[in-house]
Amino acid sequence: MSSTCTTSSEASKRTFISLLSPSRSSKRTKSSVHGFHTTAANCKRRTNDCLHKTIHLDPVTCVLMDTPLMQRLRGLNQLGTAFLVYNDCTHDRFGHSLGVAHLAEKLCMRFQDVQPQLQCSAKDVLCAKLAGLLHDVGHGAYSHVFEEFVKQLPAHLNKHPELMERYSNENWPTVPDDYSHEETSLQMIDAILESIGLQIDLTRLDEPLRQIGDGTDALSIMARDGSVLTSRDFCFIKEAINGGPVAEIWQAVQKYEGFVGRPAEKEWLYDIVCNRHSGLDVDKMDYFSRDERGALGVDGSIDERMIAEAYVAWGSCPQPDKCFKCCRGGDGRHLMICYPEKMTQNAMNFFNKRKTMHEIVYQHKTVCAAQSLVCDIFCHADPFFRIYIAPEDRTGKAKTGYDELPLSRAMLDPQAFVSLKDSVIDQIYNCRDPNLAKARQLIKRWRARAFYKCIGVKNIDRELPSDLQLWKKLTEGEIVRQMVAFHGKHDGVQQLTEEDLVVQKCSVHCGRKDKDPVMLMRFIEKGKMNMLQNSIDDLPEAILPPKCSYTRPEYFIANEIRVFCRDSDKTELANHVFGLWLSHIADEIETTPFDEQHAPVMLTQESDDDMDDDDDYNRAPAGLRTPPYAFIAQSAHRTSITPSQLYGD
């Protein structure tokens, strides 16, 4: 098969679906990749949405939206287990993805109208829209709960080393230590394209997608002005989702020149879906409002001024020490999305909504207790439960070729991943394998809402050095071990074990821990607004906002340590031990020097303590990390299992 787009004579030998040609609009064909019939589309569709009222869908969006991997998002609850506390939190990842695509298109079209010198093309609009559509396609069951399960599994196997024999298949794919749903999303984009007979060609970036089989005609993947999307355009889509360069792409180019998908004068396009500078992007615009509407029953409307007042201007880099461009000798200036200085309060309100939603919804103690229970279900099921892959789906570039995979590796094969939805809990429960008895027992508890009991909370006073040291010095696992060891010093009828306790370190902030996130934004002075029509080189320089120009919250961050008890018969004992341990550890910290350099990095629900990794901005660009390509062999005889040993370096 030629790596370039097919000629007309070649096309006659295959069956393609043209998206835009009226002459082919009535043609139905069977795709050898999908295995089912698809229909050509020559007109737009639209759908209703609770947040945006009406969302218009162009033909390319429809084709990608109607693939199994995208439709899978209908089976993923946006907020994981929050519906168990807030009854109307039943909205799914699919609706959110459509909402982000809609806002990305809307923001791009604004720039076309108010700053035509930016030359935002129809292709740019469509690509930003597709980035919004595809940005969450890599989420696992119960959204972020699945990522937490993958992180916790090695610790679970450490406690039960006999289970390692269930992972003795040395040919199974391995999971990198830094697994995240964003990385999986990039892989699933390749799988989605393959499912419609297309593929990104990194050796011919400026040509149409490579045709690899029956399905959609590469020449019909086009914007509204008739321009055909190329492999470079899909590289841009990946980079826009990743929030930075993608290793696979710039390594293939073999010469690092910043972003590959778009030139430097269009770097502001990367701020739309995943804003690496400040975090104020259309992804969070949609999910803050959508989640607020579902959980709290309020209007949940989006602040339209965050779209209507957006401009592109020059601004100094908010984080030059973390910026891939500045670290490689850049001048410290970026073309970025900015706002008039009158919008500082609107920006603060936006970030404050994040903190409020974490306090009330995302990190509600019952929501977190239910998440811990789901993680335990997955951990107990993973050694024995397998996701079956049909024989006809075991071939193709992106597939492993195995007939089954455990939950913890399902994201590494698109055909297994398409079955990994929230309903997997029901599949586990209905499995007859006697080894799944413990998982089924926990599922019964889940269905009865008999979640783990929160037996104690330690609020961290960040003004007290002892509290701050407690927060930074001890990991969650160390707290569990210390509590169990402390209980062992005292006589008692009941015995407290590590299996009885779950410790969570919860961090609620506006997006930048104890810092003001508005200070990462840049604002245009009133006297310079008339310069926004200048050429790109002469656009105004946006500045830091004066702190007196908006009302700041009383605090930007709040930390607390929560302890849950798995055994309902030991809740009083665990509560008593927690109180004694707090008194003991407070005295110990006061007499022990604290070396902050060696303090462990704590993970919050949505962040890696410094930078948010959930849908929260400025992830360390994967393209600037050493890709986890080298994996170490598995062993069924290890007595101590680290994430590297289970998943690979």
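Here, every reference points to the structure presented above.
The rules we used
Residues numbered from 1 in each chain as written. Predicted model: local features only at pLDDT ≥ 70, side-chain atom pairs only at ≥ 80, totals over all residues. Heavy atoms only, no water. Helix = DSSP H or I, 4+ residues; strand = E, 2+ residues; numbered from the N terminus. Polar contact = N/O pair within 3.5 Å; in protein donor to acceptor, adjacent residues only side chain to side chain. Contact = heavy atoms within 4.5 Å. Buried < 20%, exposed > 50% of the residue type's maximum accessible area, 1.4 Å probe, protein only. Pairing = 2+ DSSP bridges. Axes fitted to C-alpha atoms, helices over the stretch in contact; angles between N-to-C directions. Salt bridge = Lys/Arg side-chain N within 4 Å of Asp/Glu carboxyl O. Parallel < 35°, antiparallel > 145°, perpendicular 65-115°, else oblique. Left-handed = near helix turned anticlockwise from the far one by under 90°. Nonpolar A, V, L, I, M, F, W, Y, C, P; charged D, E, K, R; others polar.

Enquirer: Explanation requested: the environment of V260 in the structure shown.
Expert: Along the chain, V260 turns up in the loop between helix 9 (247–253) and helix 10 (282–296). Between the C-alpha atom of V260 and that of P245, which follows or precedes it by 15 residues, the distance is 7.6 Å.

Enquirer: Please explain the side chain of D500 as it appears in this structure.
Expert: Considering the arrangement of structural elements, one finds D500 in the loop between helix 18 (476–488) and strand 14 (501–509). Within the structure, D500 has its side chain in polar contact with the backbone nitrogen of T497 (distance 2.9 Å). A polar contact is formed between the side chain of D500 and the side chain of K570, at a distance of 2.9 Å. If sequence neighbours within four positions are ignored, D500 has contacts with Q495, F564, C565, R566, D567 and K570.

Enquirer: I tried to follow unusual backbone geometry on my own but got confused; where do I start?
Expert: Most peptide bonds take the trans form, and the phi angle of most residues other than glycine is negative. Although it is not a glycine, K53 adopts a positive phi angle of roughly 70°. Within the secondary structure, K53 sits in strand 5 (residues 53–57). Here the phi dihedral of Q119 falls at roughly 55°; this positive angle occurs in a residue that is not glycine. Along the chain, Q119 falls in the loop between helix 4 (93–114) and helix 5 (122–134). Exposure remark for Q119: the relative accessible area of 61% places this residue in the exposed category.

Enquirer: Is there a simple way to think about the sheet that holds strand 14 in this case?
Expert: Strand pairing within a sheet occurs via backbone hydrogen bonds; the two strands may be parallel or antiparallel. As summarised here, the arrangement of the 3 strands in space is 13-17-14, forming an open sheet in which the pairing is antiparallel. The open sheet has two edge strands, strand 13 (453–460) and strand 14, and neither has a second partner. Between one strand and the next, the sheet's axes are offset by a mean angle of 20°, whatever the strand orientation. Note: strand 13 against strand 17 (residues 557–565), 7 bridges, orientation antiparallel. Across the sheet, V457 pairs through a bridge with R562, a residue of strand 17. Each of strand 13, strand 14 and strand 17 touches helix 13 (residues 365–381); the most contacted strand, strand 17, lies at about 50° to it. On the sheet, helix 17 (residues 465–473) packs against strand 13, strand 14 and strand 17 and is oriented at approximately 125° with respect to strand 13.

Enquirer: Even after reading the chapter, I still don't get the sheet that holds strand 15 (residues 523–524), so can you show me in this structure?
Expert: One open sheet holds the 4 strands; their spatial order is 15-10-9-16, and the pairing between them is mixed. Two strands in the sheet have a free side with no partner beyond their single neighbour: strand 15 and strand 16 (541–542). With 2 bridges connecting them, strand 9 (residues 311–316) and strand 16 associate as parallel partners. Its bridge partner lying in strand 16, W314 is registered against E541.

Enquirer: What is the right way to read the pattern of salt bridges from this model?
Expert: Oppositely charged side chains can pair when the atoms bearing their charge come close. Considering all chains together, one arrives at 32 salt bridges under this definition. With a shortest N-O distance of 2.9 Å, K238 and D190 are connected by a salt bridge. Separated by 48 residues along the polypeptide, K238 in helix 8 (residues 231–242) and D190 in helix 7 (residues 181–195) bring together distant segments of the chain. Among the residues examined, K238 registers a relative accessible area of 3% and is labelled buried. Among the ionic pairs, E248 bridges to K238, the shortest N-O distance being 3.6 Å. Of this pair, E248 sits in helix 9 while K238 sits in helix 8, placing them 10 residues apart in sequence.

Enquirer: Just checking my understanding: could you explain the packing of helix 6 (residues 144–159) against helix 13 for this structure?
Expert: Between two packed helices, both the angle of their axes relative to each other and the distance between the axes serve to describe the pair. At a minimum axis distance of 9 Å, the contact between helix 6 and helix 13 shows a crossing angle of 55°. Here helix 6 is positioned oblique relative to helix 13, judged by the angle of their axes. Relative to helix 13, the crossing made by helix 6 is right-handed. Across from V145, F146, E148, F149, Q152, L153 and H156 in helix 6, the residues of helix 13 making contact are Q371, V374, C375, F378, C379 and H380. Here the residues of the contact of helix 6 with helix 13 are counted per class, giving 8 nonpolar, 4 polar and 1 charged.

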